[in-house]
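# Reading the structure
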Amino acid sequence: MRIGELSRRSGVSHRLLRYYEEQGLLRPQRRPSGYREYPTSDVAVVRRIRGLLAAGLSTATISSVLPCIREDGERLVPTCPDLIAQLRRERDRIDQAIEDLSTSRRALDTVISAAPSTQGPAT
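Residues numbered from 1 in each chain as written. Predicted model: local features only at pLDDT ≥ 70, side-chain atom pairs only at ≥ 80, totals over all residues. Heavy atoms only, no water.

## Observations regarding the nonpolar core
Worth spelling out the cut-off: Nonpolar cores were defined as sets of buried Ala, Val, Leu, Ile, Met, Phe, Trp, Tyr and Cys residues, with membership established by side-chain atoms within 4.5 Å. Residue exposure (1.4 Å probe, protein chains only): buried if accessible area is under 20% of the type maximum, exposed if over 50%, otherwise partly exposed. Counting from the N terminus, the helices are the DSSP runs of H or I reaching at least four residues and the strands are the DSSP runs of E reaching at least two. Contact definition: two residues touch when any of their heavy atoms are within 4.5 Å.
Core analysis: the biggest nonpolar cluster contains 21 residues, and Leu 6, Leu 17, Tyr 20, Leu 26 and Ile 49 have the highest contact counts within it. Breaking this core down by element, the ones donating at least two residues are α1 (3-10), α2 (14-22), α3 (42-54) and α4 (59-65). With five residues, α3 is the largest single contributor of residues to this core. Excluding anything up to four places from it in sequence, Leu 26 contacts Leu 6, Leu 17, Tyr 20, Glu 21, Tyr 38, Asp 42, Val 45, Val 46 and Ile 49.

## Section: the UniProt feature "domain: HTH merR-type" (unreviewed entry) in the protein
Note the threshold: UniProt positions are given in the numbering used here, feature names are shortened, and annotations may be inferred rather than shown by experiment.
This chain's UniProt record puts "domain: HTH merR-type" (unreviewed entry) on residues 1-68. For the annotated span residues 1-68, helix accounts for 54% and strand for 6% of the residues, and the straight-line distance between the end C-alpha atoms is 24 Å.

## A look at a negative patch on the surface
Cut-off, in case you're wondering: The patches described consist of residues with a relative accessible area above 30% and no salt bridge, like charges being joined within 9 Å and nonpolar side chains (Val, Leu, Ile, Met, Phe, Trp, Tyr) within 5 Å. Every accessible area reported is derived by Shrake-Rupley at a probe size of 1.4 Å, with residue values counting cover from the shown protein chains alone. A side-chain nitrogen of Lys or Arg and a carboxyl oxygen of Asp or Glu constitute a salt bridge if their distance falls within 4 Å. As used throughout, the charge tally considers Lys and Arg to be positive and Asp and Glu to be negative, leaving His and the chain termini uncounted. The atom standing in for a charge is NZ when the residue is Lys, CZ when it is Arg, CG when it is Asp and CD when it is Glu.
On the surface, a cluster of negative charge is contributed by Asp 92, Asp 95, Glu 99 and Asp 100. Here Glu 99 lies in helix α5 (residues 83-113).

## Describing the packing of α1 against α3
Applied cut-off: The axes are straight lines fitted to the C-alpha atoms, using for helices just the contacting stretch, and the angles between their N-to-C directions are given from 0 to 180°. Angles below 35 degrees are treated as roughly parallel, those above 145 as roughly antiparallel, those between 65 and 115 as roughly perpendicular, and all remaining angles as oblique. What makes a crossing left-handed is the near helix being turned counterclockwise from the far one by less than a right angle; a clockwise turn instead makes it right-handed. Each residue is assigned to one class: nonpolar for Ala, Val, Leu, Ile, Met, Phe, Trp, Tyr, Cys and Pro, charged for Asp, Glu, Lys and Arg, and polar for all the others, Gly among them.
Axis separation between α1 and α3 bottoms out at 10 Å; the angle between their running directions is 55 degrees. One finds that α1 runs oblique with respect to α3. In the crossing of α1 with α3, the sense of the turn from one axis to the other is right-handed. Residues Leu 6, Arg 9 and Ser 10 of α1 pack against Asp 42, Val 43 and Val 46 of α3. Split by residue class, the contact of α1 with α3 holds three nonpolar, one polar and two charged.

## A few points about the environment of Thr 61
Checked against the element boundaries, Thr 61 lands in helix α4. Along the backbone, Thr 61 and Gln 86 are 25 residues apart, and their C-alpha atoms lie at a distance of 9.2 Å.

Written out as structure tokens, the structure is:
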């Protein structure tokens, strides 16, 4: 199928599909005319990519874990033994980012709370 059909079936824009290709997540064949030709199975691949992006993984990480992920209904299931450790490291990275953002928010709250209670218009 061509990129327009994959976009329609997956709900992902042409631009994002081309980006996924640039990142090595999709590998369409090229027709003699230069058009991309995607296998039907790429609809499911795009769903997996979207699910992994929603889980906070980067496209670089997805590139390495995608071959070890399958779909089981609505769930993504790891299929390679070493993948669990890699996913746990990613979860730890996300936990640290959340902690860092919480610290930043508390610092900003401190600055906001230090403002006088009555302020005139900003100049």
